[in-house]
2 protein chains.
Amino acid sequence: MSKLTITEVARMAGVSIGTVSRVLNNRPGVNPDTRTQVLEVVSRLGYVPDAGARKLARGSRGLIGVAPFSAHSSNSPYYGILLDAIQETIVREGYAARVLEPSVGEEMLSEVSGFIVPGVHLDDSRLSLLIERNIPLVVVGRCEKNVPWVDIDNTGGMRLALQHLIKLGHSRILHMTGTPIGQTTYDRLESYHQTMQDAGFTLSDELILDGTFTELGAYRILRQALEKGLEFTAVAAASDEMAYGAILALQDAGFRVPYDVSVTGYDDLPFAPQTQPSLTTVRQPIRQLGRTAAQLMLELIAGNAVRQVVLPTELVVRSSSAPLSRNRR
Amino acid sequence: MSKLTITEVARMAGVSIGTVSRVLNNRPGVNPDTRTQVLEVVSRLGYVPDAGARKLARGSRGLIGVAPFSAHSSNSPYYGILLDAIQETIVREGYAARVLEPSVGEEMLSEVSGFIVPGVHLDDSRLSLLIERNIPLVVVGRCEKNVPWVDIDNTGGMRLALQHLIKLGHSRILHMTGTPIGQTTYDRLESYHQTMQDAGFTLSDELILDGTFTELGAYRILRQALEKGLEFTAVAAASDEMAYGAILALQDAGFRVPYDVSVTGYDDLPFAPQTQPSLTTVRQPIRQLGRTAAQLMLELIAGNAVRQVVLPTELVVRSSSAPLSRNRR
DNA sequence: CATAGCTATTAAAACGTTTGCAAAGAGCGG
DNA sequence: CCGCTCTTTGCAAACGTTTTAATAGCTATG
């Protein structure tokens, strides 16, 4: 069987290729009936337009920049997965994606037909610059400004983890936050406050530690806290890396996880099932996050309305969390 | 000025576009004089062929898989940079690149016209599978098998770092290795042995610590060693991450870097200049590594001979290394 | 009832390459 | 100097889309 092209689709649907093209690109001027008709054929045949041909026909306009998050955050596998998903979608649609260095060069602004910006800081001036210049922009992560963005339900996810721990009998739950620089950190922290209060516990500042979003950061600050004699029976970390660092810190200090202390992570990165013990964590759909971001960008370029999307999270229970035990050391 | 196309190049060189195309794709049957002539024009105008058009004309054959390194190693920013460089080159040549999960699916083998495999393990059975099936393959990292590969000069780079420390007066130099799973770890370790011996020092196994290629791994094992009273005046780490972990471990234990202990890294990742103190390290050309890997793949597909490439490394001296001081604590 | 003004559709011309085929020379043995 | 190969080159047809201009079929208007 030869390659499936738009011609075949057109023939099957009994229309011309021009019409099919318009349907596929959401262009106006096609009868709703014809549209659904064509879409039906497309999905039945499983037709996927050729990226190269689209790009060629469109006149090669269409380089989409993926930029600029802080250099430091790129240490996580999280970003690798996210970027790959973004690229995949963009390239499939016949655009080119280019990952740019954190330093946005002025000259780039003219070469690029849009920016996807993951991991934006709360006060990022570069963001304002892009908005000001009216350059198509999609932000990955919730954003106060009126731009299209995708985010996961950070608040809901954190609540899931905490309610899980609370149901297991824990009340002195330590929250390991990330660097207080992004909306994400803030949202998860806020959710911690809210959920603990709702459960009737009093908040205590000493139970909130900044683990800088890294294994090592979490490890160091937690060991330090343990040496000072801080008491708690569970750790709810704002990332899997920090959860892992916390587990090691606890183990090195002689605590058993989860028997003495329970630990939960956030993200469900590929290594989460492989830690010792395997990590109970909040799963977020990273690839879908990337796909959606790319999608929003394409919609934006096509002139559609600005919209925001929030993706759901889900609790994955593994072995790092257990009921509060009475005979603790 | 409109877009620069092959037509313009042909006109400038006084030949037909067919000839230009043949030159650009290294196809036989074009006069050597004409060839250099065309190449001259191409480089003068700075002409870059349109990726989409190439892909289209070639009939869309050409998806190149970038796969499968172990999930764990993907935690480093190193891989992000490498993958981006590979993708950039491949896409520029009109092929598509797809980053695959570590688990190589059988079904993938038929869809893909070649594999680029970074971070191969010494005994990787999947590698043998690919060779057996005669699937075009490029390995990033030295490889015993007769396949095309690119690597950096690991041995030479380690020697540079060590000779730097030796020149500063250090003799008890600790080597922080990575997980003993890849050729890279082995090469750097071997170079440590060799260089120390050449300098007339006796080797001691206690001066070799496995930092698992991570910040946290390095931090934990070094703190442990310090508590046991291990004596040394310098640390030569096999990665920047481990060097950073080592610096923090030393500082947390009350040592000053570089006054009490010098530390060197390896890779020169983006964060290296930003540590406290900034990191003396061995720079490797990561992007070029990726570009070369992609290049070799394209050559392989074009039917050229298998070849191997070794890229040079370079010492970058910053503030984490200093002369051995006498009045140490 | 002719005309203008819509809308939905089609036909065909790009887009920038690669590549099979034919043509034009060049060298050469007869 | 005539036919032969061989090498080098040019021509033109793909490749799978998008998009512009033209067309056909309506409805509303005068």
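Conventions and cut-offs
- Residues numbered from 1 in each chain as written.
- Chains lettered and ligands numbered in written order.
- Predicted model: local features only at pLDDT ≥ 70, side-chain atom pairs only at ≥ 80, totals over all residues.
- Heavy atoms only, no water.
- Contact = heavy atoms within 4.5 Å.
- Buried area = accessible area lost by both parts, 1.4 Å probe.
- Salt bridge = Lys/Arg side-chain N within 4 Å of Asp/Glu carboxyl O.
- Polar contact = N/O pair within 3.5 Å; in protein donor to acceptor, adjacent residues only side chain to side chain.
- Helix = DSSP H or I, 4+ residues; strand = E, 2+ residues; numbered from the N terminus.
- Nonpolar A, V, L, I, M, F, W, Y, C, P; charged D, E, K, R; others polar.
- Near = heavy atom within 4 Å.
- Phe/Tyr/Trp six-rings, centres within 6.5 Å; stacked < 30°, edge-to-face > 60°.
- Buried < 20%, exposed > 50% of the residue type's maximum accessible area, 1.4 Å probe, protein only.
- Lys NZ or Arg CZ within 6 Å of the ring centre and 35° of its normal.
- Arc of directions from axis to C-beta.
- Least-squares fit on C-alpha atoms with pLDDT ≥ 70 in both.

Caption draft 1: Representation of the interface of chain A and chain B. On the chain B side, the residues contacting the 27 residues of chain A number 27 residues. Approximately 2400 Å² of surface area, both sides summed, lies buried where chain A meets chain B, with 52% of it carried by carbon and sulfur atoms. Seen at the junction of chain A and chain B, the total is two salt bridges. Residues D252 of chain A and R220 of chain B are paired through a salt bridge, measuring 2.7 Å at the closest nitrogen-oxygen approach. Across the contact surface, chain A and chain B share two residue pairs in polar contact (both at pLDDT 80 or more). If you list the elements that add at least two residues to the side of chain A that touches chain B, you get α4 (51-57), α5 (77-92), β2 (96-99), α10 (215-227) and α11 (240-252) of chain A. Grouping the constituent residues of the side of chain A that touches chain B by class yields nine nonpolar, seven polar and eleven charged.

Caption draft 2: The protein's contact with DNA strand C, seen in detail. Taken together, the neighbourhood of DNA strand C is formed by 28 residues, with R22 and T34 of chain A together with I6, S21 and Y47 of chain B sitting nearest. Within the backbone of A57 of chain A, an N or O atom sits 3.3 Å from a base oxygen of DNA strand C. In this structure, a phosphate oxygen belonging to DNA strand C sits 2.8 Å away from a side-chain N or O atom of R27 of chain B. Every element with two or more residues in the surface near DNA strand C is listed here: α2 (17-24) and α4 of chain A together with α2 (17-24) and α4 (51-58) of chain B.

Caption draft 3: Summary view of the packing of aromatic side chains. Residues and elements named next belong to chain B. Considering all chains together, one arrives at five aromatic pairs over all chains under this definition. Considering the side-chain rings of Y78 and Y79, the 5.5 Å spacing of their centres and the 75 degrees angle between planes classify their relative orientation as edge-to-face. Under the relative-accessibility criterion, Y78 is labelled buried at 13%. The positively charged end of R188 is found above the aromatic ring belonging to Y266, 3.7 Å away from the centroid.

Caption draft 4: Molecular detail of the pattern of salt bridges. Within this structure, the stated rule accounts for 26 salt bridges over all chains. Between D268 of chain B and R283 of chain B there is a salt bridge whose closest N-O contact spans 2.7 Å. Taken as a pair, D268 of chain B in the loop between β9 (262-264) and β10 (281-283) and R283 of chain B in strand β10 lie far apart in primary sequence, 15 residues in all. Taking relative accessible area as the criterion, D268 of chain B reaches 14% and is therefore assigned buried. By sharing partners, the salt bridges in this structure join D84, E88 and R287 of chain A into a single network.

Caption draft 5: Seen up close, α2 of chain B. Residue and element names in this part refer to chain B. Along α2, the residues classified as buried are T19, V20 and V23. Around the axis of α2, the buried residues are gathered within 100 degrees of arc, so they sit on the same side. On its buried side, α2 packs onto α1 (6-13) and α3 (32-45).

Caption draft 6: Quick peek at the relation of the copies chain A and chain B. In screw terms, the move from chain A to chain B is a rotation of 180 degrees and a rise of 0.0 Å along the axis, fitting with an RMSD of 0.2 Å. Taken together, these values place the two copies in the relation of a two-fold axis. Nearest to the rotation axis, the C-alpha of G52 of chain A is located 2.0 Å from it, this being the minimum over chain A. Comparing interface residues between copies, 100% of those in chain A also lie at the interface in chain B; the contact surface is shared.

In short, geometric facts, not functional conclusions.
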